[in-house]
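Topology and contacts: notes
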Amino acid sequence: MSSVHVDPVGGASGDMLLAALVDAGVDPGALRAAVDPLDLGDWTLEIGEVTRGGLGAVAVTVTAADDGVVRTWPYVRGLLERAPLPEAVRARALGTFRRLARAEARIHRVDPERVHFHEVGAVDALVDVVGVCTGLHLLEAERVTCAPVPQGVGMTRSAHGLLPLPAPAVLELLAGAPTYSTGITAELCTPTGAALLAEWVDEWADMPPLRPRRVGYGAGARNLEARPNVLRLIVGEPARHGGAAAAVLLETTVDDLSGELVPPVLDALRAAGADDAWARPVIMKKGRPGLELACIAPPARSAALRRVLFRETTTLGVRERLLDKWTLEREWVTVEVEGQPVRLKVGRLDDQVVNVAPEFEDCAAAARVTGLPIKEIVARARAGWRPAPAEPERPPPATA
């Protein structure tokens, strides 16, 4: 599993993301193989090396004949649903175009089902979206972060005529994300790039602590005077200071969830990869009593855990924080109490045992068999554990 950070130095577009994935090591043949089943007619994917602002980067160009097809959102949806894509890739590609359809519907005040994709419905956009979703899937990207997205100023020409920059669809797609104006008279972020970022990004922030494994540079179409026109993709694993591990804390509050549903929700969170999950009472707005549901987990499990909270509870929103998690070195040992096995978790700090915790389920099982109270089983299990004796020091050899 990987963590991926997007650094949109010169902006973001579908072809820049695709090129950065290729430069980061994704096999172009695998990307072509993913797009071929879409039956898009005659198209080619050209890959080359260029320089942007002194930085070497990969540039990709999709060339296709104008087939005259008017691609609506239902048309693109059917195309993706029929294609033999991995389910994870299909879901992300559908999600990307769904976001585009809703953004266009909002801008032009039409029903999403009636949206005509023009620039974003062309063959190159389909190649970019399916290719990027395939590339991130092949990298096993479990968590994606992205720095603030730069924007240009001025006007751009579209099928609807001249539009102001940032393009209206870009602003719709990046609602809630950090973005800023550079003063550069050029379109730096395209609707396709914005839709892919909106679909994939888990957190909008500067690069988190990361151990880079691969770095890819995807080139934009032109050279910019003010900055290198590249998008940088950094692939690696989370890294924390000292001996801490990276973890995410997810929280949500609800005031209309039946108490009977709380244990199954906590069980589902643990089954989805949470190290621990819990609930506690809170007082919410208007003085209403409610519950806070929370869990802590490795960052790679955050998307799966959010899905559990949205599917299994009545919440409409989930808070997420990246934090440090410090743990003791630990090992499992087994002792016997009245002939029954009981496991103990032994925690060490600087090679010294500081905690010995009997496994409760083992204690409960032993209590049922022996008839002893659980507290007695716990006490005997702790008493039955002894650390391995230290090897005695040998005396120094005698000297003549």
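For the structure itself, consult the block above.
In this report, we go over the structure that sits alongside the text. (Residues numbered from 1 in each chain as written. Predicted model: local features only at pLDDT ≥ 70, side-chain atom pairs only at ≥ 80, totals over all residues. Heavy atoms only, no water.)

In terms of helices and strands, the protein carries 11 helices and 20 strands. Over its C-alpha atoms, taken along the principal directions, the protein stretches across nearly 85 × 75 × 40 Å. Burial status across the protein gives 44% buried among its 400 residues. In the form shown here, the protein has an accessible surface area of approximately 20,700 Å², with 52% of it arising from carbon and sulfur atoms. (Helix = DSSP H or I, 4+ residues; strand = E, 2+ residues; numbered from the N terminus. Buried < 20%, exposed > 50% of the residue type's maximum accessible area, 1.4 Å probe, protein only. Areas by Shrake-Rupley, 256 points an atom, 1.4 Å probe, with all protein chains shown as cover.)

Here we take up the packing of helix α3 (residues 73–82) against helix α4 (residues 87–108). Their axes nearest at 10 Å, the elements α3 and α4 cross at an angle of 175°. Here α3 lies roughly antiparallel to α4, going by the angle between them. Residues Trp 73, Val 76, Arg 77, Leu 80, Glu 81 and Arg 82 of α3 touch α4, and the partners they reach there are Arg 90, Ala 93, Leu 94, Phe 97, Arg 98 and Ala 101. When the residues that make up the contact of α3 with α4 are grouped by side-chain class, the tally is 7 nonpolar, no polar and 5 charged. (Axes fitted to C-alpha atoms, helices over the stretch in contact; angles between N-to-C directions. Parallel < 35°, antiparallel > 145°, perpendicular 65-115°, else oblique. Contact = heavy atoms within 4.5 Å. Nonpolar A, V, L, I, M, F, W, Y, C, P; charged D, E, K, R; others polar.)

Once that is clear, we can look at the nonpolar core. In this structure, Leu 40, Leu 80 and Phe 97 are the most contacted members of the largest nonpolar core, which totals 66 residues. Counting 17 residues, the second largest nonpolar core, distinct from the first, contains Val 254, Ala 274, Leu 293 and Cys 295. (Core = buried A, V, L, I, M, F, W, Y, C linked by side-chain atoms within 4.5 Å.)

This next bit is on unusual backbone geometry. For the bond from Leu 165 to Pro 166, the omega torsion is -5°, close enough to zero to count as cis. Topologically, Pro 166 is positioned in the loop between β9 (161–164) and α6 (168–173). Residues other than glycine seldom take positive phi values, yet Arg 109 does so here, at roughly 55°. The phi torsion at Glu 140 lies on the positive side, around 55°, for a residue other than glycine. Tracing the backbone shows Glu 140 in the loop between α5 (123–138) and β6 (141–146).

On to the side chain of Ser 2, then. Mapped onto the elements, Ser 2 comes out in strand β1 (residues 2–7). For Ser 2, a relative accessible area of 5% puts it in the buried group. For Ser 2, the side chain forms a polar contact with the main-chain oxygen of Leu 139, separated by 2.8 Å. What Ser 2 contacts, discounting residues up to four positions off in sequence, is Leu 139, Glu 140, Ala 141, Glu 142, Arg 143, Arg 213, Val 235 and Gly 236. (Polar contact = N/O pair within 3.5 Å; in protein donor to acceptor, adjacent residues only side chain to side chain.)

In this structure the tally under the stated criterion is 23 salt bridges. Counted as one network, the salt bridges with shared partners bring together Arg 143, Asp 202, Glu 203, Arg 306 and Glu 320. (Salt bridge = Lys/Arg side-chain N within 4 Å of Asp/Glu carboxyl O.)

The next thing to look at is α3. Of the positions making up α3, those classed as buried are Trp 73, Val 76, Gly 78, Leu 79 and Leu 80. Those residues of α3 that are buried lie in contact with β4 (71–72), α4, β5 (116–117) and α5.

So, about the sheet that holds strand β19 (residues 340–349). As summarised here, the arrangement of the 3 strands in space is β18-β19-β20, forming an open sheet in which the pairing is antiparallel. The strands lining the two open edges of the sheet, one partner per strand, are β18 (329–337) and β20 (352–358). Geometrically, the sheet is characterised by an average inter-axis angle of 30° between neighbouring strands, direction not taken into account. Seen against the sheet, helix α10 (residues 360–370) touches β18, β19 and β20 and runs at an angle of roughly 155° to β19. Sitting on the sheet, helix α11 (residues 374–384) touches β18, β19 and β20, and the angle it makes with β18 is about 110°. (Pairing = 2+ DSSP bridges.)

Glancing now at the packing of aromatic side chains. A full pass over the atoms with the stated rule returns 0 aromatic pairs. When the ring centre of Trp 200 is taken as origin, the NZ or CZ atom of Arg 92, which lies over that ring, is 4.1 Å away. (Phe/Tyr/Trp six-rings, centres within 6.5 Å; stacked < 30°, edge-to-face > 60°. Lys NZ or Arg CZ within 6 Å of the ring centre and 35° of its normal.)

Going through the model one piece at a time under the given rule, you end up with 0 disulfides. With no disulfide partner, Cys 189 has as its closest neighbouring cysteine sulfur the one in Cys 146, 8.7 Å distant. (Disulfide = S-S within 2.5 Å.)

Before going further, it helps to spend a moment on the pairing of strand β8 (residues 155–158). Taking every second residue as pointing to the same face, the buried face of β8 carries Thr 156 and Ser 158, while none of Met 155 and Arg 157 on the other face is buried. In terms of strand pairing, β8 meets β9 through 4 bridges, oriented antiparallel. Residue Thr 156 lies in a different strand from β9, and its bridge partner there is Leu 163.

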